[in-house]
Amino acid sequence: MTTSTAPRDTIVRVRGIHKRFGSLKILNGVSLSVGRGEVVCVLGPSGSGKSTLLRCINHLEKVDDGLVVVGDHTIGYEESGGVLRELSERRVCRQRTSVGMVFQRFNLFSHMTVLENVVEAPVRVHRRKRGTVEREAVELLRRVGLAEKKDAYPDQLSGGQQQRVAIARTLAMKPDVVLFDEPTSALDPELVGEVLSVMRGLAEDGLTMIVVTHEIGFAREVADRVVFMDGGVVVEEGAPAAVLDTPREERTKAFLSHVLH
Ligand SMILES: Nc1ncnc2c1ncn2[C@@H]1O[C@H](COP(=O)(O)OP(=O)(O)OP(=O)(O)O)[C@@H](O)[C@H]1O
């Protein structure tokens, strides 16, 4: 958490995005700005569109309307002569590397060691030198507390350890922002704490994070801002204490009383 009150550069701008699946409207004009180094936790009931929002931010889903700007890039588009043109899938893939994503299911490559899992994408996608990437990967594994497991295979690790490797793998791409989609929901309860503790450390180190979570305690403690979504819109947002302890909107109150009791 950042205690400074100085204004921060905005790194992510989500502008009025709409997304439907068939006749179902899932996002109905969501806007969100995230400052560099800011931690934003997104809360809301099941089906409110939280995962879809993250998937639209990194263009895993294409929006029907609206724009997502990360740093200098309008995700999925390039500007030429004041006109936005859609990028080819190959170029979107490269652009997408500025937006890291940690999923509920970590899907590590089972035939690769922990170190190989972390090194694979920077070498393949960014075509960086393996030696340099390996040194950085060991440092990242140290950061998530798993340097001693670098030669292990995923099935030799607990779920919590695999998720920590997945976090290191995401960081290895040096993203401008990391999206976490319920990163602890698939874990046994006793393994949740170790992943949240790694995420808390990354927040303290100044990583820009958007975290969809049901962990209200984490949101209260680590978030700079909490965003409450329902029905595909942002219902309320603000400092964690304001949204969680003195919510203004009835829908936020109803959700919190349901999850906290
Ligand atoms: N690819 C898809 N095709 C059709 N419907 C989808 C697709 N992806 C999501 N949906 C639907 O969109 C709605 C919102 O889903 P989303 O996963 O964004 O919600 P959520 O707020 O993250 O919920 P949860 O907390 O349960 O993960 C759900 O009703 C879901 O079934």
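To be clear, the structure that these remarks concern was listed above.
Residues numbered from 1 in each chain as written. Predicted model: local features only at pLDDT ≥ 70, side-chain atom pairs only at ≥ 80, totals over all residues. Heavy atoms only, no water.

## A look at the environment of glycine 160
Within the secondary structure, glycine 160 is located in helix H5 (residues 159-171). Along the primary structure glycine 160 and alanine 186 are separated by 26 residues, whereas in three dimensions their C-alpha atoms are 9.3 Å apart. Those residues within four positions of glycine 160 in sequence are excluded, and the remaining contacts are Leu187, Leu191, Glu194 and Val195. (Helix = DSSP H or I, 4+ residues; strand = E, 2+ residues; numbered from the N terminus. Contact = heavy atoms within 4.5 Å.)

## A word on the layout of surface pockets
Each pocket or cavity is described by its volume, and for the largest pocket that value is around 650 Å³. Those elements that place two or more of their residues in the lining of the largest pocket are helix H2 (89-96), strand E8 (99-102), helix H3 (114-124) and H5. By residue class, the composition of the lining of the largest pocket is 12 nonpolar, 6 polar and 5 charged. (1 Å grid on protein atoms, 1.4 Å probe; cavity = no way out; pocket = protein on both sides within 12 Å on 5 of 7 lines; lining within 4 Å. Points joined across faces, edges and corners; volume = space filled by probe spheres on them. Nonpolar A, V, L, I, M, F, W, Y, C, P; charged D, E, K, R; others polar.)

## Considerations on the sheet that holds strand E5 (residues 73-74)
Read from one edge of the open sheet, 4 strands run E2-E1-E4-E5, paired in antiparallel fashion. In this open sheet, the two strands that pair with only one neighbour each are strand E2 (24-35) and E5. With 2 bridges joining them, strand E4 (residues 65-70) and E5 adopt antiparallel strand pairing. What sits directly across from valine 69, in E5, is threonine 74. Where helix H1 (residues 50-57) meets the sheet, it contacts strand E1 (10-21), E2 and E4, and its direction lies at approximately 120° from that of E1. (Pairing = 2+ DSSP bridges. Axes fitted to C-alpha atoms, helices over the stretch in contact; angles between N-to-C directions.)

## A closer look at the sheet that holds strand E12 (residues 233-238)
Strand order in this open sheet of 6 strands is E8-E9-E10-E3-E11-E12, and the pairing throughout is mixed. Strand pairing shows two members of the sheet lacking a second neighbour, E8 and E12, which therefore form its edges. For this sheet the average axis-to-axis angle between neighbouring strands, irrespective of direction, equals 20°. Note that strand E3 (residues 39-43) and strand E10 (residues 209-212) share 4 bridges and pair parallel. Bridge pairing links valine 39 to methionine 209 in E10. Contacting E8 and strand E9 (177-181), H5 runs over the sheet at an angle of about 175° to E8.

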